[in-house]
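Now for the letters of each chain:
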Amino acid sequence: MSREIFNLAEASHEQMRSLQLKELEILKYFKKICEENNLSFFLGGGSCIGALRHDGFIPWDDDVDVLMLRPDYEKLYDIWKSVADKNKYSICRTTKKQNYSHAAMTINDNYSTFINFRTKDFDVNQGVSIDVLPMDAYPTGKHQQLSQYINAILFSIYSVQRLPDHQGKMLRYLAALPLELVKSKKVRYTIWNHAEKSMTKYPLKKTNQVRELVSGFKTLSRILPKEWFLKKNGF
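Keep in mind that this is a model prediction, so the values were computed, not measured. Residue numbers run consecutively from 1 along every chain, following the written order of its sequence. Only residues with pLDDT of at least 70 are given local features in this predicted model, and only at 80 or more are side-chain atom pairs given and counted; all residues enter the totals for whole chains, interfaces and linings. As a rule here, side-chain values come from all non-hydrogen atoms in the structure, and water together with hydrogens is ignored.

A look at the overall build of the chain
Each helix corresponds to a stretch of at least 4 residues labelled H or I by DSSP, and each strand to a stretch of at least 2 residues labelled E; elements are numbered beginning at the N terminus. The secondary structure content of the chain amounts to six helices and seven strands. Sequence-ordered secondary structure for the chain, helices as α and strands as β, is α-β-α-β-α-β-β-β-α-α-α-β-β. Radius of gyration means the value over C-alpha atoms here, while the globule rule gives 2.2 Å times the residue count to the 0.38 power. At 18 Å, the chain has a C-alpha radius of gyration in line with the 18 Å of a compact globule built from 235 residues. Counting only C-alpha atoms and orienting by the principal axes, one finds that the chain spans roughly 55 × 45 × 35 Å. Counting over 235 residues, the chain shows a buried share of 45%. For the exposure calls, accessible area comes from a 1.4 Å probe over protein chains only, and a residue counts as buried if that area is under 20% of its type's maximum, exposed if over 50%, partly exposed in between.

Here it is, written out as structure tokens:
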């Protein structure tokens, strides 16, 4: 049964629940793939709060966020086509050829439609999805920390290629300038591809801390213990 929702702010409880159940279905399949391939993931943000406080979703939450350490994140992307049901689910990520206006990856259901306002004019997979966010090593040196911070900002601006949402007017103004200065999609790709390589080059074995580099400016200052995200066999 199809359900049309044109504005989530006006969605009924039944419509919101329908969306959450589809996201839960995707999450369960994602979990299955991770378990079969020795990959670890963790619920983040509102998804984690919902699981702990509500034994499920926060009633008004409309998305699912999962966190993965960078090595598992990249392995998931590399093996997806060979281990997953590609007819039903797709792994989506901004590349040189396709822009999802998203700095991380998503797992999309191919038999549903949920058109995000950010990609409503793009020829990309528009299925209901969950967000998969990488956690990267936080280097120990002050110069390296600053370099990683700058590269994370460049990556986010030029890979997403839009002004940041819910980050405040000042940050929107600051992001507008580099986008105005560099309008070529080819040059933007060159910048964010180099920035991504630079910000993710630090090995997890040489640090005790990690941070999110792709979730916006505010999360860049959120430094977390690496031990929270370790597998049993460690890094």
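So, next bit.
Topic: helix α3 (residues 70–83)
Working note: α-helix, 3.6 residues per turn, so residues spaced by three or four point in the same direction. In this analysis, the expected span of each helix is defined as 1.5 Å times one less than the number of residues it contains. An ideal rise of 1.5 Å per residue puts 20 Å on 14 residues; α3 measures up with 19 Å between its terminal C-alpha atoms. A residue's bend is given by the angle between axes fitted to the 7 residues ending at it and the 7 residues starting at it. The largest bend in α3 comes to about 35°, at Y77. For α3, the complete set of buried residues consists of R70, D72, Y73, L76, I79 and W80. Close packing links the buried residues of α3 with α1 (13–36), β2 (65–69), β3 (89–93), β4 (105–109), β5 (129–137) and α6 (185–199). In what follows, residue pairs with any heavy atoms lying within 4.5 Å of each other are defined as contacts.

Some words on the nonpolar core
Counting 54 residues, the largest nonpolar core has F30, M68, L76, W80, I107, V132 and V214 as its most contacted members. Discounting residues that sit within four places of it in the chain, V132 has contacts with F30, V66, M68, Y73, L76, A104, M105 and I107. By nonpolar core we mean a set of buried residues, namely Ala, Val, Leu, Ile, Met, Phe, Trp, Tyr and Cys, connected to one another through side-chain atoms within 4.5 Å.

Here's the deal with helix α5 (residues 169–181)
Here α5 spans 19 Å end to end across 13 residues, near enough to the 18 Å set by a 1.5 Å rise per residue. Residues of α5 that are buried include every one of L171, A175, P178 and L179, and no others. Mapping the buried residues of α5 onto a view down its axis gives an arc of 100°, with all of them on the same face. The exposed residues of α5 that point more than 90 degrees off its buried face are K169, M170, Y173, L177, E180 and L181. Taken together, the buried residues of α5 touch α4 (142–160) and α6. The arc in question is the one traced by the directions running from the helix axis out to the C-beta atoms.

Brief notes about the environment of A9
Relative to the helices and strands, A9 is located in the segment before α1. Overall, A9 belongs to the exposed group, its relative accessible area being 73%. Sequence separation of A9 and K142 is 133 residues, and the distance between their C-alpha atoms is 43 Å.

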